[in-house]
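As a plain string of letters, each chain reads:
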Amino acid sequence: MNEPSWISLLPTVLAIVLAIWSRQVYVSLAAGIWIGWTILEGWNPLTGLATAIEQTVAVLGDPGNAKVILFTLVIGAMIATLEAAGGVRGFVRWIEGNRWVTNGRRAQFLAWIIGIVIFIESNITVLVAGAVSRPLFDRFRISRERLAYIVDSTSAPICILIPLNAWGALNLGILNELGVEDALGVFIAAIPVNFYALIAFLLAGASILWKIDLGPMKRAEKRAAEGQVLWPNAQPMVDETVLSPTPVGRIAPRARNMLVPIAVMVVTMPLGLYVTGGGSMLEGSGSTSVLWAVLAGLGAAWLLLLGQRGASLDELTRTGLKGAGGLMPLALILLLALALGSVARTLGAGEYVAQVTEGVLAPMLFLPLVFVVAGGIAFSIGSSWGTFAIMLPIAVPVAETLGMPLAPFVAAALSGGIFGDHSSPISDTTIISSMAAATDHIDHVRTQLPYALLAGGAAAVCFAVLGATL
């Protein structure tokens, strides 16, 4: 096919519908990939299947994609190591000993704060917050769906507001390629008007403070309060025993065995951006720096345990491999999600959505239009990063053509990408949040969607008001 049309949306729509109907994420993503390449192969299902397999394997040929998947396995090894060494239990015991977390509300605020403090990469934020908070949520009978919502609302929404991390490096790179002068200045100016990101994490905090349980979340909270961790037919996204292995037992649980590796990881991230950027953090490689950071964190955890004689090298290796194996389902989902995004881009799904909405509104309403279109693209392809790559090259020239400031248009594109990604059942961040909370993925999507739509509606209104003032 030469020109993008409504058919361009068929693979992602099929994957989303199947995911909601069948609750089988792997099959749904694979089906979307297959139908996409079947369309591109002239509707021949056999050659479409063969091409789909080849193109899915080809995703690993991109160094950035390979690093993301490798990072997933390493973070699994790191979390398992921290758990087996008693680092997570030591941290939980430490905050309980200081009476910082004595009830369910404080447990929720702990997850929310972790999501804000660990801002170097969304997946790290989600997995660390989930590992620390899940035992506390279960103890105080707070639903795992609420945990998944909290960590999902403080991962990408926080990361997109920070210029010196992988997310900032990606978007600054796109802006530089578009010839934007003072890309960092434009990005920083976009932060206070990045309405969805700001509203999403503030709404999560408000829902904790005032116990705002909307629709399905209210039912999930009632179930958890009765002592039922999951619904009877729920299928947790990960076996929590894999990422919470039996402690090695030779040393007492110590908070520093978790805090030091995480601190090393946080410090290594900007250092990696500086090194890979040839002396400029703004030009560094986000995917490389994130991988270096998590490897450094894992190395610090190993050195701590070896120095304390808390584990042998053999035990650390076996624990790390078990943890990496625990996140193998996530690595597979990421591979399939990347492959689906690839075929969606090849079909021109994003370009089609942009084309059919172009010119339908007055210039003053372009900001909410950019936000809504970016949200639709991100929901369809399940990738905020892919949406940024599609929408920023559209939004920036529109702003320049209209003679309007760039920052609000950049903010609208970024906000829309986060909104669609936050709402999509095929989003990698949404899937990882389900895994971190050890809850059913579709249950997480259903309970989170009312909050995402509420924040999205508020953000659209804010962009409309801002657009009218430009």
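Residue indices follow the written sequence of each chain, beginning from 1 at its first position. Local features in this predicted model are restricted to residues of pLDDT 70 or higher, and side-chain atom pairs are both shown and tallied only at a pLDDT of 80 or more, whereas totals for entire chains, interfaces and linings draw on every residue. Side-chain metrics rest on all non-hydrogen atoms present in the structure, leaving aside hydrogens and water.

A look at the side chain of Thr56
The residue Thr56 is located in helix α3 (residues 45-58) in this model. A polar atom in the side chain of Thr56 sits 2.7 Å from the backbone oxygen of Ala52. Every helix listed is a DSSP run of H or I at least four residues long, and every strand listed is a run of E at least two residues long, numbered separately from the N terminus. Two N or O atoms count as a polar contact when they lie within 3.5 Å, although within protein this holds only if one can serve as hydrogen donor and the other as acceptor, and sequence-adjacent residues are included solely when both atoms are side-chain atoms.

So, a nonpolar patch on the surface
On the surface, Trp34, Leu49, Ile53 and Val57 cluster together into a nonpolar patch covering about 380 Å² of accessible area. Tracing the backbone shows Ile53 in helix α3. Like-charged residues are merged into a patch within 9 Å and nonpolar side chains (Val, Leu, Ile, Met, Phe, Trp, Tyr) within 5 Å, provided each residue has over 30% relative accessible area and no salt bridge. Per-residue and other accessible areas were derived by the Shrake-Rupley procedure at a 1.4 Å probe size, with only the shown protein chains allowed to occlude residues. By salt bridge we mean one thing: a side-chain nitrogen of Lys or Arg within 4 Å of a carboxyl oxygen of Asp or Glu.

Quick word on unusual backbone geometry
It is generally the case that most residues other than glycine have a negative phi and that most peptide bonds are trans. Despite not being glycine, Trp43 shows a phi value in the positive range, around 65°. Relative to the assigned elements, Trp43 resides in the loop between α2 (25-40) and α3.

Things to note about the packing of helix α21 (residues 384-402) against helix α22 (residues 406-423)
At their nearest, the axes of α21 and α22 sit 8 Å apart, and the two run at 155° to each other. Comparing their axes, α22 and α21 come out roughly antiparallel. Classified by chirality, the crossing of α22 by α21 is right-handed. In contact with Ser384, Thr387, Phe388, Met391, Leu392, Ala395, Val396, Val398, Ala399, Glu400 and Leu402 of α21, α22 contributes Leu406, Phe409, Val410, Ala413, Leu414, Gly417, Ile418 and Asp421. Just so you know the grouping, Ala, Val, Leu, Ile, Met, Phe, Trp, Tyr, Cys and Pro go in nonpolar, Asp, Glu, Lys and Arg go in charged, and all remaining residues, Gly too, go in polar. Partitioned by chemical class, the residues of the contact of α21 with α22 number 14 nonpolar, three polar and two charged. Axis lines are fitted through C-alpha atoms, for helices just across the contact stretch, and the angle between N-to-C directions can take any value from 0 to 180 degrees. Here the word oblique covers every angle except those under 35 degrees (roughly parallel), over 145 (roughly antiparallel) and from 65 to 115 (roughly perpendicular). Note on convention: near helix rotated counterclockwise from far helix by under a right angle means a left-handed crossing. Clockwise means right-handed. Contacts are residue-level and defined by heavy atoms, with any inter-residue pair within 4.5 Å sufficient.

Some points on the pattern of salt bridges
Counted by the stated rule, this structure contains six salt bridges. Here Asp213 ties to Lys211 by a salt bridge, and the two come within 3.2 Å at their closest N and O atoms. Look at the salt bridges and you will find they share partners, linking Arg146, Lys211, Asp213 and Glu221 into a network.

Quick notes on helix α20 (residues 366-381)
By this rule, a helix spans an expected 1.5 Å times one less than how many residues it contains. For α20, which comprises 16 residues, the first-to-last C-alpha distance of 22 Å matches the rise-based estimate of 22 Å (1.5 Å per residue) to within 8%. Directly after α20, the chain includes Gly382, whose backbone phi takes a positive value near 70°.

Some details on the packing of aromatic side chains
Note on aromatic pairs: the rings of Phe, Tyr and Trp (six-membered ring only in Trp) are paired at centre separations within 6.5 Å, and the planes decide the class, stacked below 30 degrees, edge-to-face beyond 60, tilted for the rest. With the rule as written, the count across this model stands at seven aromatic pairs. Each ring, one from Phe109 and one from Trp112, has its centre 6.0 Å from the other, and the planes form 80°; the classification is edge-to-face. A residue pair is termed a helical-turn pair when its members lie 3 or 4 positions apart in one helix, as Phe109 and Trp112 do in helix α6 (residues 104-117) at three residues. Accessible area is worked out with a 1.4 Å probe on protein chains only. A residue is then buried under 20% of its type maximum, exposed over 50%, and partly exposed in between. Phe109 gets classed as partly exposed once you look at its relative accessible area, which sits at 23%. Relative to Phe419, the ring of Tyr196 has its centre 5.2 Å away and its plane inclined at 55°; by these criteria the two rings are tilted. Taken as a pair, Tyr196 in helix α12 (residues 195-209) and Phe419 in helix α22 lie far apart in primary sequence, 223 residues in all. Through a chain of ring-to-ring contacts, three or more aromatic side chains come together here, namely Phe195, Tyr196, Phe371, Phe419 and Phe463. A cation over an aromatic ring shows up here: Arg223 above the ring of Trp231, its NZ or CZ 4.8 Å from the ring centre. Placement of a charge over a ring requires the Lys NZ or Arg CZ to be within 6 Å of the ring centre, with the centre-to-atom vector within 35 degrees of the ring normal.

Notes on the packing of helix α7 (residues 122-139) against helix α8 (residues 144-153)
At a minimum axis distance of 10 Å, the contact between α7 and α8 shows a crossing angle of 150°. Relative to α8, α7 is oriented roughly antiparallel. With respect to the hand of their crossing, α7 and α8 are arranged in right-handed fashion. Contact residues: α7 offers Val126, Ala129, Gly130, Ser133, Arg134, Phe137 and Asp138, while α8 offers Arg144, Arg146, Leu147, Ile150 and Val151.

Some thoughts on helix α24 (residues 441-469)
Helical geometry note: an α-helix holds 3.6 residues per turn, so side chains three or four residues apart project in the same direction. Along its 29 residues, α24 runs 41 Å from first to last C-alpha, staying within 8% of the 42 Å computed at 1.5 Å per residue. Bend is the name given here to the angle between axes fitted to two runs of seven residues, the run ending at a residue and the run starting at it. Along α24, the sharpest change in direction is near 35° and occurs at Gln448; proline Pro450 comes one to four residues later. Residue Asp440 occupies the N-cap position of α24, its side-chain oxygen lying 3.0 Å from the main-chain nitrogen of Ile442.

A few points about the side chain of Ser423
By the element assignment, Ser423 lies in helix α22. When near neighbours in sequence (up to four residues on either side) are disregarded, Ser423 contacts Phe379, Val445, Leu449 and Ala452.

Digging into the environment of Leu198
Within the fold, Leu198 resides in helix α12. When its relative accessible area of 22% is taken as the criterion, Leu198 is described as partly exposed. For the pair Leu198 and Thr154, spaced 44 residues apart in the sequence, the C-alpha separation amounts to 9.8 Å. Contacts of Leu198, omitting those with residues within four sequence positions, involve Leu161, Ile191 and Pro192.

Structural notes on the environment of Gln308
Within the secondary structure layout, Gln308 lies in the loop between α16 (286-307) and α17 (313-326). Relative accessible area serves as the criterion here: at 18%, Gln308 is assigned to the buried category. Separated by 57 residues in the primary sequence, Gln308 and Ile251 place their C-alpha atoms 7.8 Å from one another. Among all residues touching Gln308, those that are not within four sequence positions of it are Ile251, Arg254, Arg256 and Asn257. In this structure the side chain of Gln308 is engaged in a polar contact, spanning 2.9 Å, whose partner is the side chain of Arg254.

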